[in-house]
Amino acid sequence: MNDKAIQRPTAETLYHHELERLREWDSGPIPPGWNLSPLAVEKFVLGDDELDIQRKFVAQRELVTRIIISLATNRGAMLIGEPGTAKSWLSELLSAAISGQSTLTIQGGAISQTSQLLYSWNEALLNTQGPCAEALIPSPIYQGMLDGQLVRFEEIARCPQHIQDAILSIMSERQIMVPELGKDSVLFAREGFNIIATSNSLDSGIYAMSAALKRRMNFETIPPIRDLADEIDVVMRESEKLIRLSGVQVKPDALTIEVLTTLFHELRNGQTLDGRSTDRLAATVMSTAEAVSVAHAMGVHAYYYGSGTMALDNLVHFLIGAALKDNKDDRRRMKHYFETEVSIKKGEHWQQVYDQRQLL
């Protein structure tokens with residue numbers, strides 16, 4: 001028997017008690033096939049102090065509301081933005097709240113045949129029993145239509161054009177034809193089915209979406225977190241969660257997280273907090289998600305190699321592995337940023353970070 005813990009529990013598992021609390025509180029109108037009302041779904045994503053619901057995503061409330069309403073119609077939702085803006089995390093949260101599950105997922109870059117998108121057959125059963133429901137292997141889209149649940153389509157722009165076009169009839173007609181099944185050849189989508197897709201803005205030139213498919217989805221751009229305090233809160237909360245899931249008893253250090261997040265924030269925006277222009281590193285390597293990964297690594301390091309307390313004295317060591325990997329000029333930019341900006345920041349903690357510049 002395998003008694004090892006799951007490395008990454010789903011949102012519906014992590015926040016099971018919050019979802020139960022919202023179901024008990026929820027008295028609003030619930031769309032057909034949904035588990036919660038749109039207002040309760042919004043509270044699950046953005047948090048609610050009175051109900052003790054944790055904020056899980058940072059965005060304007062109006063943006064989240066538009067996405068939720070889109071999913072309550074016959075139009076899908078397309079989340080686009082730079083890498084590291086937590087588009088997939090938002091789609092997982094919405095699926096967990098709306099359908100009670102977030103595991104019906106398609107990875108666009110892994111699909112090359114329509115059978116992977118719709119359905120395939122168990123060859124052994126097909127040979128012995130012929131075409132029948134038992135021999136059919138449902139895809140996540142097929143299962144979502146059958147059960148009336150949200151389906152997550154990750155990185156849709158990495159999916160070839162003919163595969164994207166196979167979604168058109170599903171989005172329009174809400175049905176899949178399986179001719180081999182005879183009188184039971186049509187699968188009609190149940191209430192609650194819809195598609196929430198994501199695409200990195202950097203992937204826009206890989207496989208352009210057809211105009212027909214675009215008309216069947218509402219597009220929403222997920223921006224990077226603009227407010228530093230909000231970003232610090234996300235990095236603190238998410239790194240603490242990941243450290244805990246790693247089986248490590250280390251509390252993220254507030255000062256270390258503040259410095260780390262400030263570095264990422266300024267280098268991503270090309271502007272210091274007091275408004276001076278500075279070096280800019282690509283948003284792909286200076287995203288909030290990358291900052292969380294660095295904080296996670298520092299917490300694990302503190303447990304196994306240090307005193308059990310996250311410290312600033314090895315921040316740059318881990319920053320190098322995250323930020324200096326895509327562009328050889330990034331090391332030069334990072335060094336210049338340290339010499340011109342970190343060197344003048346006030347406080348002993350910033351001096352401690354500046355003293356690590358020889359690692360760059």
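Presented here is a report on the structure given in the accompanying data block. Note that the coordinates shown come from a computational prediction; the quantities given were computed from them, not determined experimentally.

### Brief notes about the overall build of the protein chain
- Across its full length, the protein chain holds 16 helices and 9 strands.
- Each principal axis of the C-alpha atoms in the protein chain carries an extent, and together these give about 75 × 45 × 45 Å.
- When the 360 residues of the protein chain are sorted by exposure, 50% land in the buried category.
- In the protein chain, of all internal contacts separated by at least 6 residues, the share reaching a separation of at least 24 is 70%.
- Side chains of the protein chain carry 36 positive and 46 negative charges; the gap between the two charge centres is 4 Å.

### Brief notes about the packing of aromatic side chains
- Enumeration over the complete set of coordinates arrives at 6 aromatic pairs.
- In textbook terms, an aromatic cluster arises when at least three aromatic residues are bridged by ring pairs, as seen for Y15, F44 and W89.
- In this structure, K56 is placed above the aromatic ring of Y15, and the distance from its NZ or CZ to the ring centre is 4.8 Å.
- For the cation-ring pair, R357 lies above Y354, with the distance from its terminal atom to the ring centre recorded as 4.0 Å.

### A short note on the pairing of strand β5 (residues 150–154)
- Counted residue by residue, β5 has 5 buried out of 5 residues, so it is predominantly covered.
- Here strand β2 (residues 105–107) runs beside β5; their pairing, made up of 3 bridges, is parallel. Bridging across to β5, I106 finds its partner in F153.
- Two strands pair when backbone bridges link them, and β5 and strand β8 (residues 194–200) are joined in this way by 4 bridges, in the parallel orientation. Residue pairing across strands places V151 opposite I195, the latter belonging to β8.

### Observations regarding helix α13 (residues 288–304)
- Given a rise of 1.5 Å per residue, 17 residues ought to cover 24 Å, and the 25 Å separating the end C-alpha atoms of α13 matches this to within 8%.
- Within α13, the full set of buried residues consists of T288, E290, A291, V292, V294, A295, H296, M298, G299 and A302.
- Of the surrounding secondary structure, the elements contacted by the buried residues of α13 are α11 (228–245), α12 (254–269) and α14 (315–323).

### Here's the deal with unusual backbone geometry
- If you check the backbone angles, A86 has positive phi at about 65° while not being a glycine.
- The topology assignment puts A86 in the loop between β1 (76–81) and α5 (87–99).
- A86 gets classed as partly exposed once you look at its relative accessible area, which sits at 31%.
- Positive phi, close to 55°, is recorded for R174, a residue that is not glycine.
- Following the sequence through the fold, R174 ends up in the loop between α9 (161–173) and β6 (175–177).

### Side note on the side chain of Q101
- Residue position: Q101 is located in the loop between α5 and β2.
- Of the polar contacts made by the side chain of Q101, one reaches the backbone nitrogen of L104; its length is 3.2 Å.
- Beyond its immediate sequence surroundings of up to four residues, Q101 is in contact with E12, S95, A96, Q149 and L150.

### Re a nonpolar patch on the surface
- A surface patch of nonpolar side chains, amounting to about 420 Å² of accessible area, comprises Y303, Y304 and Y305.
- The topology assignment puts Y305 in the loop between α13 and α14.

### Structural notes on the nonpolar core
- Counting 38 residues, the largest nonpolar core has L263, L315, L319, M334, F338 and V342 as the members making the most contacts within it.
- When contributions to this core are tallied by element, the ones reaching two or more residues are α11, α12, α13, α14, α15 (329–340) and α16 (348–354).
- For this core, the element with the most residues is α14, which contributes 7 residues.
- Grouped together as the second largest cluster of nonpolar side chains are 34 residues, I106, M145, L168 and I176 included.

### Here's the deal with the environment of L324
- Following the sequence through the fold, L324 ends up in the loop between α14 and α15.
- When its relative accessible area of 16% is taken as the criterion, L324 is described as buried.
- When the C-alpha positions of L324 and M286 are compared, they lie 9.9 Å apart, and in sequence the two are 38 residues distant.
- Filtering out sequence-adjacent residues up to four positions away, L324 remains in contact with L319, D330, R331, M334 and L360.

### Re the environment of I156
- Along the polypeptide, I156 turns up in the loop between β5 and α9.
- We classify I156 as buried; its relative accessible area is 0%.

Here is what the cut-offs are and how they apply
Every chain is numbered independently, its residues counted from 1 as its sequence is written. Given that this is a predicted model, residues contribute local features only at a pLDDT of at least 70 and side-chain atom pairs are listed and counted only at 80 or more, while totals for whole chains, interfaces and linings are drawn from all residues. Side-chain metrics rest on all non-hydrogen atoms present in the structure, leaving aside hydrogens and water. Helix numbering and strand numbering both begin at the N terminus, where a helix is a DSSP run of H or I of at least 4 residues and a strand a DSSP run of E of at least 2. Remark: exposure states derive from per-residue accessible area (1.4 Å probe, protein chains only) relative to the maximum for the residue type, with buried under 20%, exposed over 50%, and partly exposed in between. Here, residues are in contact when the closest pair of their heavy atoms is within 4.5 Å. As used throughout, the charge tally considers Lys and Arg to be positive and Asp and Glu to be negative, leaving His and the chain termini uncounted. Working definition for charges: the position is that of NZ of Lys, CZ of Arg, CG of Asp or CD of Glu. Aromatic contacts are taken between Phe, Tyr and Trp rings whose centres are within 6.5 Å, Trp giving its six-membered ring; a plane angle under 30 degrees counts as stacked, one over 60 as edge-to-face, and the others as tilted. Ring-over charges, as used throughout, are those where CZ of Arg or NZ of Lys falls within 6 Å of the ring centre and within 35 degrees of the ring normal. A pair of strands is treated as paired once DSSP finds two or more bridges between them. Multiplying one less than the number of residues by 1.5 Å gives the expected span of a helix. By the criterion applied in these results, polar contacts are pairs of N or O atoms within 3.5 Å in which, for protein atoms, one can donate a hydrogen and the other can accept it, and in which residues neighboring in sequence qualify only through two side-chain atoms. Residues enter patches when their relative accessible area tops 30% and they take part in no salt bridge; the joining distance is 9 Å for like charges and 5 Å for the nonpolar side chains Val, Leu, Ile, Met, Phe, Trp and Tyr. Note on areas: Shrake-Rupley with a 1.4 Å probe; residue coverage comes only from the protein chains shown. Should a side-chain nitrogen of Lys or Arg be within 4 Å of a carboxyl oxygen of Asp or Glu, the pair is scored as a salt bridge. Definition used in this section: a nonpolar core is a set of buried Ala, Val, Leu, Ile, Met, Phe, Trp, Tyr and Cys residues joined via side-chain atoms within 4.5 Å.

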